[in-house]
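# Geometric and topological summary
One-letter residues, chain by chain:
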Amino acid sequence: MRPLKNAPFCPIPASPMSGICQQAQILILKIQNVFTPRAFPAGHLWLKFSPSLALDKIEHFSKVSKIWCQMKSIENKNGSNNGALSGILVLDLSRLLPGPFCSMILADHGARVISVEDKRFLSDDLFISEVNRNKEHMSLNLKTQAGKEIFYRLVDKADVLLEGFRPGVVHRLGVDYETVRSINPKIIYCSITGYGQTGQHKNRAGHDVNFLGYSGVLDLMGEPDRPPSIPGVQIADIAGGGMNAAIGVLLALWARERTGKGQYIDIAMTDGMASLLPLPLFFHQRTGDALRRGDSLFSHRFAFYNTYETADGRYISIGAVEHRFWKQLCEYLGVPEYAALQHDEKCREEILDFMRTTFKKKTISQWETELAGLDVCWGRIQNLKEVLEDPYFREREMVVDIRQKNGVEYKTLGVPIKLSETSGSVRTPPVDFGESTVPILQELGYTENQIKSFAKKGIF
């Protein structure tokens, strides 16, 4: 009998991911003479049923199909977002800040990110919630064979894998690039470490301050003739690690679009910090001298690029690098003669003293009012609390409200990259440690009894 013209279609994955799919395919073999298959671009078979299909088989198939259709596909569970990376699945094995910051960027722009950590790290109390928004989090013991097999199922569907272990650890765990690539040849594998996968320091332990110091960046921070000042923001972790890793992943994704091949990415945070030195290198090559901490063109040596205390103990920044800005400031402050002496070494201390004395005569609010209409590069130095309350950051959606699971709203940081057509967004609050483990296992096709067994055996 020919298939019914307007019979319903139901999608079944061409590559089975779970026991449900296998049941469906077995049933298809039994009834293969009563459907018309046709290709579907997403890698599914669409089955068209005819009236000759036995009612009992229809009923059984219907149940299987309904369960499958209710399951959220591992590779496509992105919610209702319009992000540029919607449809990309990222597995994040990293911890702390560098890797999770990278995967947060990818998640903000639509990627589905599943973070995977061993539950033994929960007691460290270093689970940074602010970089775990828009993500799922799974607890998994990769030292067990069952844990590896679960992870390999995820790898089979993934586009990107991030890890932040010391070199060699992923080989011992059995989740190194070669192993992962044998499962999924198109995967993009990104390793983030302090000193990279090669070189004499590759096995050296380190944190942000060490990478800043070894790269030469920390030597430029602080006051002259005093110890270097450690910045209050983890620059190496975020800029050297997280941001560079995100750039590397995006480059590799684009390359894969053209070549069809995945690749390995080696990110060293110390490398990233050394890459921040083009301006110091420029001045060094120009003068032959190394820049001195707190005493260079863009670090307190001259009055035009400096910070000044105000009457109320606050601080204002002046960045009048271009002469036209410096000239306007000098004229406004009643010292037009200083305009021509912007880089004068003989009058440098005199001008600095004048600026320090002048700015200390009024409060920060008074200076804001006075300088508001002046085309000079200036700004108040704000603390975090002020940033969260500043209307500018609200207007720019860099401070946004998000609702916690308990219904309470709180402020969080927004997405800095503004795309006109595929904008990023903060869609879900930070996930709790291991919160998504059971749902993901269910999604992979494991039964309730299997999941209970995993828990009992310490697999998660």
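This text follows the structure it describes.
Residues numbered from 1 in each chain as written. Predicted model: local features only at pLDDT ≥ 70, side-chain atom pairs only at ≥ 80, totals over all residues. Heavy atoms only, no water.

## Considerations on the overall build of the protein
Within the protein one finds 17 helices and 14 strands. Here the protein holds 460 residues, and 43% of them are scored as buried. A separation of at least 24 residues holds for 66% of the contacts in the protein among residues at least 6 apart in sequence. (Helix = DSSP H or I, 4+ residues; strand = E, 2+ residues; numbered from the N terminus. Buried < 20%, exposed > 50% of the residue type's maximum accessible area, 1.4 Å probe, protein only. Contact = heavy atoms within 4.5 Å.)

## Examining the sheet that holds strand β8 (residues 188–193)
Strand order across the open sheet formed by six strands is β6-β5-β4-β7-β8-β9, with parallel pairing between neighbours. In the strand order of this sheet, the two ends are held by β6 (135–139) and β9 (264–268), each with one partner. Sheet twist, expressed as the average angle between the axes of neighbouring strands with direction ignored, equals 20 degrees. As paired elements, strand β7 (residues 160–163) and β8 share four bridges and run parallel to each other. If you follow Leu162 over to β8, its bridge partner there is Cys190. Packed onto the sheet, helix α4 (residues 145–157) meets β4 (89–92), β5 (112–117), β6 and β7 and runs at close to 145 degrees relative to β4. (Pairing = 2+ DSSP bridges. Axes fitted to C-alpha atoms, helices over the stretch in contact; angles between N-to-C directions.)

## Overview of the environment of Ser215
For Ser215, the location among the structural elements is in helix α7 (residues 208–215). Accessibility expressed as a relative area gives 10% for Ser215, which makes it buried. For Ser215 and Ser275, which are 60 residues apart along the polypeptide, the C-alpha to C-alpha distance reads 8.8 Å. Non-local contacts of Ser215, meaning those with residues more than four positions away in its chain, are made with Thr270, Met273, Ala274 and Leu277.

## Focus on the pairing of β7
The alternating pattern of β7 places Val160 and Leu162 and Leu161 and Glu163 on opposite faces, both of which are buried. In terms of strand pairing, β4 meets β7 through three bridges, oriented parallel. Note on β7: the bridge partner recorded for Asp92 is Leu162.

## Quick look at empty space enclosed by the protein
To locate leftover empty space, one rolls a probe as large as a water molecule over the atoms. The tally for this structure, following the rule as stated, stands at two cavities of 30 Å³ or more. The space that makes up the largest cavity amounts to roughly 100 Å³. Along the wall of the largest cavity there are 14 residues; nearest its centre are Arg95, Leu96, Glu117, Leu126 and Phe127. Its residues assigned to classes, the lining of the largest cavity comprises seven nonpolar, four polar and three charged. Its boundaries defined by the atoms lining it, the second largest cavity holds a volume of some 40 Å³. (1 Å grid on protein atoms, 1.4 Å probe; cavity = no way out; pocket = protein on both sides within 12 Å on 5 of 7 lines; lining within 4 Å. Points joined across faces, edges and corners; volume = space filled by probe spheres on them. Nonpolar A, V, L, I, M, F, W, Y, C, P; charged D, E, K, R; others polar.)

## Notes on the side chain of Asp92
In this fold, Asp92 is placed in strand β4. Buried charge without a salt bridge: Asp92, with Lys135 as the nearest opposite-charge side chain at an N-O distance of 4.3 Å. Only 2.4 Å separates the side chain of Asp92 from the side chain of Ser94, close enough to count as a polar contact. For Asp92, the side chain forms a polar contact with the side chain of Ser103, separated by 2.7 Å. Residues in contact with Asp92, not counting those within four places in the same chain, are Gly99, Pro100, Ser103, Val113, Ile114, Ser115, Val116, Lys135 and Leu162. (Lys, Arg positive; Asp, Glu negative; His and termini not counted. Salt bridge = Lys/Arg side-chain N within 4 Å of Asp/Glu carboxyl O. Polar contact = N/O pair within 3.5 Å; in protein donor to acceptor, adjacent residues only side chain to side chain.)

## Side note on unusual backbone geometry
Phi angles above zero are rare outside glycine, and Asn134 is one such case at about 60 degrees. In this structure, Asn134 sits in the loop between β5 and β6. In this structure, Glu397 takes a positive phi of about 55 degrees despite not being glycine. Residue placement: Glu397 occurs in the loop between α15 (391–395) and β13 (399–403).

## Some remarks on the pattern of salt bridges
Under the counting rule described, the total for this entry stands at 27 salt bridges. Across the salt bridge formed by Asp159 and Arg256, the nearest N and O atoms sit 2.9 Å from each other. Here Arg256 lies in helix α8 (residues 235–259) and Asp159 lies in the loop between α4 and β7, a separation of 97 residues in the sequence. Accessibility classification places Asp159 together with Arg256 in one group, the buried group. Here Arg293 and Asp219 are joined by a salt bridge, their closest N and O atoms 2.9 Å apart. Of this pair, Arg293 sits in the loop between α10 (278–287) and β10 (305–309) while Asp219 sits in the loop between α7 and α8, placing them 74 residues apart in sequence. Asp219 sits in the partly exposed class, given a relative accessible area of 40%. Via salt bridges that share partners, Asp225, Arg292, Asp295, Arg301, Glu345, Arg348 and Glu349 belong to a single interconnected network.

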